[in-house]
Amino acid sequence: MNEISSQYITLTQFLKMQGFASTGGQAKFLVKELDISVNGEKEDRRGRKLYPGDVVIVDGRKFVIG
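Our subject in this report is the structure included herewith.

## Considerations on the pairing of strand 5 (residues 55-58)
Part 1 of the reasoning: The alternating pattern of strand 5 places Val56 and Val58 on a buried face and Val55 and Ile57 on a face that is not buried.
Part 2 of the reasoning: Of the strand pairs in this sheet, strand 2 (residues 36-38) and strand 5 are connected by 3 bridges, and their pairing is antiparallel. Residue pairing for strand 5: Ile36 is matched across the bridge by Val58.
Part 3 of the reasoning: Pairing of strand 5 with strand 6 (residues 61-64) involves 4 bridges; the strand directions are antiparallel. Bridged to Val58 within strand 6 is Arg61.
Part 4 of the reasoning: Where strand 5 hands over to strand 6, the hairpin turn is made up of 2 residues, of which Asp59 adopts a positive phi near 45°.

Okay, here's the thing in structure tokens:
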């Protein structure tokens, strides 16, 4: 994943960065539809803040926030 340039990114920003969604509206929908966990806990809040070192799993694909 690309390094984030701010202190954190939101889950919807992450989904767009990784190509799961092309728009914010699509990402908002996908947060509720995809199987997403952050640091081992199920997550469905689109505004969830992701910090460097967080582990995000989206439908079985693992990502580490950099």
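That covers the picture; the talk isn't over yet.
## Focus: the sheet that holds strand 3 (residues 41-42)
Part 1 of the reasoning: If you walk across this open sheet you meet the 4 strands as 3-2-5-6, and the pairing is antiparallel. Strand pairing shows two members of the sheet lacking a second neighbour, strand 3 and strand 6, which therefore form its edges.
Part 2 of the reasoning: Across 2 bridges, the pairing between strand 2 and strand 3 is antiparallel. Paired with Val38 across the two strands is Glu41, which belongs to strand 3.

So, how was this worked out
Residues numbered from 1 in each chain as written. Predicted model: local features only at pLDDT ≥ 70, side-chain atom pairs only at ≥ 80, totals over all residues. Heavy atoms only, no water. Buried < 20%, exposed > 50% of the residue type's maximum accessible area, 1.4 Å probe, protein only. Helix = DSSP H or I, 4+ residues; strand = E, 2+ residues; numbered from the N terminus. Pairing = 2+ DSSP bridges.

The values are spatial; any link to function lies outside them.
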